[in-house]
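Below, each chain spelled out in residue letters.
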Amino acid sequence: MARTLLAIYPRTAGRYDELLRPDGDVRPHWRQFFGHLDDVSPDEMHARLAVVDRRIQENGVTYNVYAEPGGSDRPWALDPLPLIIPPDEWAEIAAAVAQRASLFNAMLGDLYGEQRLLAEGLLPPALVYGQHGYLWPCHGMRPPGDVWLHHYAVDLARSPDGQWWAIADRTQAPSGAGYALENRLIVSHVFPEMFRDLRVEHLAGFFGDQQAGLAALAPVEGDEQPHIVLLTPGPYNETYFEHAYLARYLGYPLVEGQDLTVRGDTLYLKTLRGLKRVHVVLRRQDDDFCDPLELRGDSALGIPGLLNVARAGRVAIANALGSGLLGSGALMGFLPAISERLLGEPLAMPSVATWWCGEKPALEYVREHFDELVIKPAYPTQRMDPVFGNELTGEARAEMLRRMEARPHAYVAQEMVNLSQAPTWSRAHERRLLARPVGLRAYAVWTPDGYSVMPGGLARVATGANTRIISMQRGGASKDAWVLTDGPVSDFTLLKPSVGVRDLVRAGANLSSRVVENLFWLGRYSERFDDSARMLRVALSRLVEAGGSKTPAVDTALMLAEKLGVLPEPDEDEPVKAGSEHVLLEAIYDPNQPGSLAGNIRSLMWSAMHVRERLSLDHWHSLNRLQREQMAAQKKHPSMTEAMAFLDRVLGVSSSLTGFAMDNMTRDDGWRFLIIGRRLERLSFLSQTLASFLRMGAAERAGCLEWLLELADSIITYRSRYSRTPELLPVLDLLVFDDSNPHGVLFQGMALARYLDRLCRDLALPREDRLALALDELRSFDLTRFEQGGGLRRRQGSPIDGLAARLEQLDEAAGHLSDWLAMRFFTHVGDVSRQTMAL
Amino acid sequence: MSAPEPVLYHVLHETRYVYGSPVSLSQQQLHLSPRILAWQQIDSQQIDILPAPSWRRDGIDAFGNPVTWVAFHAPHEALFIRSVMTVAVTPHVPADLADSPAWESVRDCLAYDASAPDEAALDACRFLFESPYVRIKHELAAYAADCFPPARPVLLGVQALMAKIFREFKFDPAATTVSTPVLEVLEKKRGVCQDFAHLMIACLRSLGLAARYVSGYLLTRPPPGKPRLIGADASHAWVSVYVPGQGWVDFDPTNNLLPDTEHITIAFGRDFGDISPLRGIILGGGGHEPEVAVTVTPLAEAAPPEIDS
């Protein structure tokens, strides 16, 4: 047997070790898991780590990091080893977390109502009135059921003596529960036997409680079903992945502020089929951004009038507006007395020792014990990183003290906690455990029977053995937390068995206009990047075949690509550059060049990101693959051969995307818009391509009809029918008039017209018939004119000109249709509300 | 001793927005109705709105001011709001500013000491801290320092600060906008009544005193022989300071005087943002500044002006 992992596991004095007892033995609740870990071979462990990485990558689990240049998405960091917590210890933690949630809920009710806490001197007014987080317009409100705090999170840490402490409270819109769920899905697959044998408590029940709690508070009338939405600030938020993930998991539409509108004292979602009342808003947007009419007037993310809906008691907002107030660390010292006053019981879990500098004796203490303390902002709205007293020297220290004395109430000092350490798996070594400081974020949700605490949570580990701040922003990693149970494990589940393959689902009638718009563009860009990839492949392959020399086939293909905007217009000062290798490669790889393949892929990803919760995991995996291909290709200088291979791979992904759209999506309004987008884009591309091809006289040039068939993805059909060198008449028949060829103009046009008819009928709209007229015109074209000799000659009134004109007409009708859809159905993103003021 | 005679006023406050292009959705918050005070009674009051709002709610805000919310759900190209009221104001200026506690004792009585605070002092604490338009900065405390020598009665100190601002600042509507920060006003030494009120409040709060922002109106045409006050053609703003035992005392830094029967109070809050007369969010519309007209006429003097219907 290999050497035990314990042999080189670091023991650290002055820290509690989650794995080992002080005598060096493995703690009882870790034994089974540790034994298993010790038995796993390096190869096996390597394979399991690869599973973790792949799943994170494929599911697109990311954390948006503002701090990094470009603010890019970073893959979520997950250590595969769970933090294991035994049942008796967890029972105490859970009870304490639930109590803390009840306490904060009662505090919010008091501070936005009677304010007994202030009148009795239990809280300094500065910590309420002095906080920007105290929202005066919410004073006097009564949320449904008097529930202010629907979800709550608290960061816990364990001191060297084994005691758990509350380090920070999250009362605004606590994040991370969705990441905890995703971690669980991954880690339970990495250690399936252990997960089963150790009897780990499942998380699904917690989310079920959350659903039940929100539904119970929905102010419904008559037989209305609770309509609950998840409000996100949008894809640029650091935890947007989680918003989309939770929306899909909980079955709530993911909405942005502009999807919602207030009429009188009712809140509505703008859907394709009109306004639909919303009863509950699960918000992941900070409260002061939620209503520009009464809160921050410069917020474009808000919903004007939301406060009036809340005032009328006609919406439950989770958490209630104004709840962010209690995220202040300065409150901690006051909680024990407040708990006695409001709950009539002592506070179960201590908070880390905290001094609010607004009290004179506290400021004195902080000054004297500066080296032992961490200085933090008193209010959650302040932007300031924690500062370790013993790291500040000289002028920096003097400056800090000056700032604290000028505005003492804006600062708190906390005791430094020596965090406990937990084992993590070293990626740098073949087989080694590292010890890292660990903290646990625990979650509670309101239910009619009291607060329910997630059995587990989001454990986070620091980057280095001595790092004192654990933060995902600073590159820390996360862990799953396994709470063991003595009893049976509940098998409650929210996951529908079909989750992997279904798409675009649920209440299709609740689709917001914004989602529909994004699906339409998702359809268009899926097709557009496919079209540009095909065009580039044609041009590139002809160039390679011709050994770099300019044959008529090459020249014509390049000309067409320029006409279609896939290649840039030739620069008149540098005619040599036109169609050069360099220009082609840029058109493939440079996302900043208008019309480039990379640019189209970027637009595709952008639309997909906005409807992420509507796409199946498989669909999303393909999109992720596409983006990875592109990012990988950007790093080096690709050769022509590599570029060809890249185009082949991209086209492979494209066909799998088409497959998901056609086979795996529910046929609802959203799907119809996606397909209309695809059809419209393809119709437009084909008509433009064929019209330009004809007008360029390309039909007469050697080799051009071949690549035209290839471009329209119809070469195989053509060969199977005619098995000879392509001729104009049969090619035109196949690509334009054959209504059984899915890559033909008429087929696409007729399919588009059918979807459109259906849409107009369903939504009771007058028929949009410009497209149908253009199709009739095309259909009535007499193809026999090409037989009557000289059909190929281009001249005024020639068949070639006539057909090109009708194709152009069709392309125009497609453009017109796109504008009509936008006018009729889409949210106009440019149309932002703005503030007015008069004195 | 008989009660002082109240002075009666007729007030007309008209606001007109012409949007340039249609506004499809609009919501407005109105702080246009005067509040009842110990020295101010409301005889009649009415708000007319064109077009007729799709929805309306009247209420009282967190600071006790009357507030009205209206919404317009149909496209409209203009909005006209007219507030008319008859108000009676009784003299209320303190007889002797020297008869007030030392400013440090006022500051100390507002500071937290872990005991149950006095009710009035707790109420004053609402106006003791930073608010969106009022920053607390040591530059501001420094600016006010020479007005508050040790042990000076607080009201004399406030009066000195008011006089200093009046002396050193120039009334200049072109110099600032509603969003100009207080520190910039301090640097430019220019602004309008809102700026002077914010600046004075910021100075007082930086010293640890409670000060609130008051919005209201001034008599438009002065009595014969008296100069017309500044800020009479739109809604005006001034400052109120808390004195334990005496309550709130008003100061008008724009005119360097203690408001009495020529100031009509509409609302008070932490700053302009809490009680801006008209605050709205519109969807659509072009760029256009509102036209605002305020006319305050003593009822004893003449009949109120004709109101076109």
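Residues numbered from 1 in each chain as written. Chains lettered and ligands numbered in written order. Predicted model: local features only at pLDDT ≥ 70, side-chain atom pairs only at ≥ 80, totals over all residues.

A. Summary view of the overall build of chain B. When helices and strands are counted, chain B shows seven helices and 13 strands. Scaling as 2.2 N^0.38, a compact globule of 309 residues should have a C-alpha radius of gyration of about 19 Å, and chain B matches this with 20 Å. A principal-axis box enclosing the C-alpha atoms of chain B has dimensions of 60 × 45 × 40 Å. The buried share of chain B, reckoned over its 309 residues, is 45%. (Helix = DSSP H or I, 4+ residues; strand = E, 2+ residues; numbered from the N terminus. Rg over C-alpha atoms; globule rule 2.2 N^0.38 Å. Buried ≥ 20, exposed ≤ 12 C-beta atoms within 10 Å, placed from the backbone.)

B. Looking closely at the overall build of chain A. Helix and strand counts for chain A come out as 25 helices and 22 strands. In terms of overall size, chain A behaves like a compact globule, its C-alpha atoms giving a radius of gyration of 32 Å where 839 residues would be expected to give roughly 28 Å. Structurally, chain A occupies a C-alpha span of about 105 × 75 × 60 Å along its principal axes. Within chain A, buried positions represent 48% of all 839 residues.

C. Fine view of the sheet that holds strand E12 (residues 316–318) of chain A. Residue and element names in this part refer to chain A. The strand order across the open sheet built from four strands is E7-E6-E11-E12, with neighbouring strands paired in parallel fashion. The open sheet has two edge strands, strand E7 (254–255) and E12, and neither has a second partner. With three bridges connecting them, strand E11 (residues 280–283) and E12 associate as parallel partners. Its bridge partner being in E12, valine 281 is matched across the sheet by isoleucine 317. Its contacts with the sheet put helix H7 (residues 204–217) on strand E6 (228–231), E11 and E12, and the angle it makes with E11 is roughly 140°. (Pairing = 2+ DSSP bridges. Contact = placed C-beta atoms within 7 Å. Axes fitted to C-alpha atoms, helices over the stretch in contact; angles between N-to-C directions.)

D. Expanded view of the pairing of E6(A). All names here are of chain A. The side-chain alternation of E6 yields two buried faces, one formed by Ile228 and Leu230 and the other by Val229 and Leu231. Judged from the four bridges that link them, E6 and E11 form a sheet pairing that is parallel. For isoleucine 228, the partnering residue across the bridge sits in E11 and is valine 280. Pairing between E6 and E7: two bridges, direction parallel. When the sheet's bridge partners are listed, leucine 231 is paired in E7 with valine 255. Following the backbone out of E6, through helix H8 (residues 240–250) and into the adjacent parallel E7, one traces a crossover that is right-handed. (Right-handed = clockwise from strand over helix to strand, strands pointing away.)

E. Representation of the nonpolar core in the model. Within the largest apolar cluster, 223 residues are counted, with the highest numbers of intra-cluster contacts made by Ala442(A), Met200(B), Val239(B) and Val241(B). When residues of this core are assigned to their parent elements, the largest contribution, ten residues, is made by helix H3 (residues 87–111) of chain A. When residues of this core are sorted by domain, at least three fall in each of domain 1 (7–90 + 275–298) and domain 2 (103–274) of chain B. Once you skip the residues sitting within four places of it in the chain, Val239(B) turns out to touch Ala197(B), Met200(B), Ile201(B), Ala211(B), Tyr213(B), Val214(B), Phe251(B) and Pro253(B). Formed by 96 residues, the second largest nonpolar core is a distinct cluster that contains Phe520(A), Leu690(A), Phe747(A) and Leu756(A). (Core = buried A, V, L, I, M, F, W, Y, C linked by C-beta atoms within 7 Å. Domains from an automatic or database assignment.)

F. Local environment of helix H15 (residues 581–589) of chain A. Residue and element names in this part refer to chain A. Of the positions making up H15, those classed as buried are Val583, Leu584, Ala587 and Ile588. Down the axis of H15, the buried side of the element spans an arc of 135°, and every buried residue falls inside it. The secondary structure elements touched by the buried residues of H15 are helix H13 (513–545), helix H16 (597–610) and helix H18 (640–663). (Arc of directions from axis to C-beta.)

G. Summary view of the sheet that holds strand E14 (residues 373–377) of chain A. Residues and elements named next belong to chain A. Strand order in the open sheet made by the four strands is E13-E16-E14-E15, with antiparallel pairing throughout. Each end of this open sheet is capped by a strand with a single partner; those strands are strand E13 (354–356) and strand E15 (387–388). Bridge analysis of E14 against E15 gives two bridges, and the strand direction is antiparallel. In the strand pairing of E15, valine 374 is matched with phenylalanine 388. Most of the contacts of helix H11 (residues 360–368) go to E13, to which it runs at about 125°, and overall it touches E13, E14 and strand E16 (411–415).

H. Representation of the interface of chain B and chain A in the model. Contacts between the two partners involve 36 residues from chain B, matched on the other side by 32 residues from chain A. Looking at the side of chain B that touches chain A, the elements with two or more residues in it are strand E1 (7–30), strand E3 (55–60), strand E4 (66–72) and strand E12 (278–284) of chain B. Per element, the largest residue contribution to the side of chain B that touches chain A is six residues, and it comes from E12(B). Looking at the side of chain B that touches chain A, its residues break down into 22 nonpolar, nine polar and five charged. The pairing of strand E22 (residues 834–838) of chain A with E12(B) spans five bridges and is classified as antiparallel. Looking at the pairing, Gln835(A) lines up with Ile281(B) of E12(B). (Nonpolar A, V, L, I, M, F, W, Y, C, P; charged D, E, K, R; others polar.)

I. Molecular detail of H7(A). All names here are of chain A. When the terminal C-alpha atoms of H7 are compared, their 20 Å separation across 14 residues agrees well with the 20 Å that a helix rising 1.5 Å per residue should span. Inspection of H7 places Phe206, Phe207, Asp209, Gln210, Gly213, Leu214 and Leu217 among the buried residues, and these make up the whole buried set. With its buried residues spanning 150° around the axis, H7 presents them on a single face. (Expected span 1.5 Å × (residues − 1).)

J. Local environment of the pairing of strand E8 (residues 260–263) of chain A. Inspection of the sheet shows E8(A) paired to strand E9 (residues 266–271) of chain A by four bridges, in the antiparallel sense. Looking at the pairing, Thr261(A) lines up with Tyr268(A) of E9(A).

K. Quick peek at the domain arrangement of chain B. All names here are of chain B. Along its sequence, chain B is organised into domain 1 (7–90 + 275–298) and domain 2 (103–274). Taking the mean C-alpha position of each, domain 1 and domain 2 sit 24 Å from one another. With 23 residues of domain 1 in contact, the opposing surface of domain 2 contributes 18 residues. Secondary structure elements with two or more residues in the side of domain 1 that touches domain 2: E1, strand E5 (76–89) and strand E13 (291–298). Element by element, the count of residues in the side of domain 1 that touches domain 2 is highest for E13, at six residues. Of the residues that constitute the side of domain 1 that touches domain 2, the class distribution is 15 nonpolar, seven polar and one charged.

L. Molecular detail of the confidence of the model for chain A. Residue and element names in this part refer to chain A. With 92% of its residues at a pLDDT of at least 70, chain A reaches an overall mean of 87. Across residues 65–71, where pLDDT falls below 50, the model places nine contacts with residues more than four positions away in sequence or in other chains. A low-confidence stretch, residues 496–508 (pLDDT under 50), is modelled with 29 contacts involving residues beyond four sequence positions or located in other chains. (pLDDT = per-residue confidence, 0-100.)

M. Summary view of the packing of helix H24 (residues 770–779) of chain A against helix H25 (residues 799–825) of chain A. Residue and element names in this part refer to chain A. Interaxial distance between H24 and H25 falls to 9 Å at its minimum, and their mutual angle equals 170°. Here H25 runs roughly antiparallel to H24, going by the angle between their axes. Seen along the crossing, H24 lies across H25 with a hand that is left-handed. Across the interface between the two elements, Arg770, Leu771, Ala774, Leu775, Glu777 and Leu778 of H24 pack against Arg806, Gln809, Leu810, Ala813, His816 and Leu817 of H25. For the contact of H24 with H25, the class distribution of residues is seven nonpolar, two polar and three charged. (Parallel < 35°, antiparallel > 145°, perpendicular 65-115°, else oblique. Left-handed = near helix turned anticlockwise from the far one by under 90°.)

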